[in-house]
Amino acid sequence: MIKTMTWQVNFLVKLIGIVMIGMSAALIGYQLSAVMKKRIDMLCTIRFIMEEILNEASYGKEILPEVILAASLKVDGREKEWLLCLHEKIRISGEYDFIHAWKESLDVLRHTALKTEDIKILESFGNRIINLNEDRLSGIIDNYVRTLDEHVNHLKSEYAVKSRLYRSMGILTGLFIIIIVI
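Undergrad: Describe the packing of aromatic side chains, with residues and values.
TA: For the coordinates displayed, the defined rule picks out three aromatic pairs. Considering the side-chain rings of tryptophan 82 and tryptophan 102, the 5.3 Å spacing of their centres and the 75° angle between planes classify their relative orientation as edge-to-face. Here tryptophan 82, found in helix H3 (residues 77-93), pairs with tryptophan 102, found in helix H4 (residues 98-105); they are 20 residues apart in sequence, far enough to count as distant. Among the residues examined, tryptophan 102 registers a relative accessible area of 1% and is labelled buried. Three or more aromatic residues joined by ring pairs form one cluster here, namely Trp82, Trp102, Phe125 and Tyr144. The lysine or arginine in question, lysine 37, covers the ring of tyrosine 159, its NZ or CZ lying 5.9 Å from the ring centre.

Dropping the structure here:
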């Protein structure tokens, strides 16, 4: 009787362990897919921010720090922190040191879902702004929005393939581990 109960308890512990391992491996695949989706969402939000900055600069005739502050009111999360940091750095250093303030403010976005290549695209925008008159700013932002669109479209096509791959590999890894444990 005791041997039978011990066997049943061992079987249940093993079964629970197998289920937990399988679920965790499958969830890793879903987590990788979610991180990639978050990256795309952040880039889309940054694109929205650029359009808002362009609209505010074109129609509001505001100075750049005020335009950035107005754009920060329309977003949440790390993007808002980034814009507020940028606003503060521009306010402290002045509009004419925009390139330096832009690069320093990007530190807020470095530990997010964005990858190094995304940060480099963002840095390139800051490097292009030398003269902050309205026409030049409008052209630079339009060009930058197109660049972001191309990058996001590329990532979306990658996401369609890789998210399915990540999820499938997570499930297959879980099944593989289950088979080994059994």
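Undergrad: Help me get a handle on the nonpolar core, residues and values and all.
TA: Within the largest apolar cluster, 39 residues are counted, with the highest numbers of intra-cluster contacts made by Met50, Trp82 and Leu109. Ranked by the residues each element gives to this core, the list is headed by helix H1 (residues 2-60), at nine residues. Apart from residues no more than four positions distant in its own chain, methionine 50 is found in contact with Trp82, Trp102, Phe125, Ile141, Tyr144 and Val145.

Undergrad: Describe H4, and please don't skip the residues or the numbers.
TA: Burial in H4 covers these residues: Phe98, Ala101, Trp102 and Ser105. An end-on view of H4 places all buried positions within 100° of arc, on one side of the element.

Undergrad: Any chance you could break down the pattern of salt bridges for me, citing the residues and the numbers?
TA: Counted according to the given criterion, the structure contains twelve salt bridges. For glutamate 117, the salt bridge is made with arginine 39, and the minimal N-O distance between the two is 3.6 Å. On the criterion of sequence distance, the pair formed by glutamate 117 in helix H5 (residues 116-128) and arginine 39 in helix H1 is long-range, its members being 78 residues apart. According to the relative accessible area criterion, glutamate 117 is partly exposed, its value standing at 43%. For arginine 39, a relative accessible area of 4% translates into the label buried. A salt bridge links aspartate 118 to arginine 39; its shortest N-O distance comes to 2.6 Å.

Undergrad: So what about the side chain of serine 72? Which residues, and what values?
TA: Its place among the elements puts serine 72 in helix H2 (residues 64-72). A polar atom in the side chain of serine 72 sits 2.6 Å from the backbone oxygen of leucine 69. Every residue in contact with serine 72, bar those within four places of it in the chain, is listed here: Lys80, Leu83 and Leu84.

Undergrad: How would you explain the environment of lysine 89 if you had to name every residue and give the values?
TA: Of note, lysine 89 is situated in helix H3. Among the residues examined, lysine 89 registers a relative accessible area of 25% and is labelled partly exposed. Sequence-distant contacts of lysine 89, that is, excluding residues within four places in its chain, are made with Gly94, Ala101, Glu104 and Ser105. Of note is the side chain of lysine 89, whose polar atom sits 3.4 Å from the side chain of glutamate 104.

Definitions and cut-offs
- The residue count restarts for each chain, going from 1 along the sequence in the order it is written.
- The predicted nature of this model means local features are confined to residues of pLDDT at least 70 and side-chain atom pairs, given and counted, to a pLDDT of 80 or more, with totals for whole chains, interfaces and linings taken over all residues.
- Only hydrogens and water are set aside; all other atoms, that is, all heavy atoms of the structure, feed into the side-chain values.
- Side-chain rings of Phe, Tyr and Trp, where Trp is taken by its six-membered ring, are said to pair if the distance between their centres is within 6.5 Å; with planes under 30 degrees apart they count as stacked, over 60 as edge-to-face, and otherwise as tilted.
- Each helix corresponds to a stretch of at least 4 residues labelled H or I by DSSP, and each strand to a stretch of at least 2 residues labelled E; elements are numbered beginning at the N terminus.
- Partly exposed describes any residue whose relative accessible area lies between the buried limit of under 20% and the exposed limit of over 50%, with all areas from a 1.4 Å probe on protein chains only and scaled to the type maximum.
- The rule is short: NZ of Lys or CZ of Arg within 6 Å of the ring centre and within 35 degrees of the ring normal puts a charge over the ring.
- Among buried residues, those of type Ala, Val, Leu, Ile, Met, Phe, Trp, Tyr and Cys that are joined through side-chain atoms within 4.5 Å constitute a nonpolar core.
- Contact criterion: two residues are considered in contact whenever any of their non-hydrogen atoms come within 4.5 Å of each other.
- The directions from the helix axis to the C-beta atoms form the arc being described.
- By definition, a salt bridge exists where a carboxyl oxygen of Asp or Glu is found within 4 Å of a side-chain nitrogen of Lys or Arg.
- We call two N or O atoms a polar contact when they sit within 3.5 Å, provided that within protein one can donate a hydrogen and the other can accept it, with sequence-adjacent residues counted only if both atoms are side-chain atoms.

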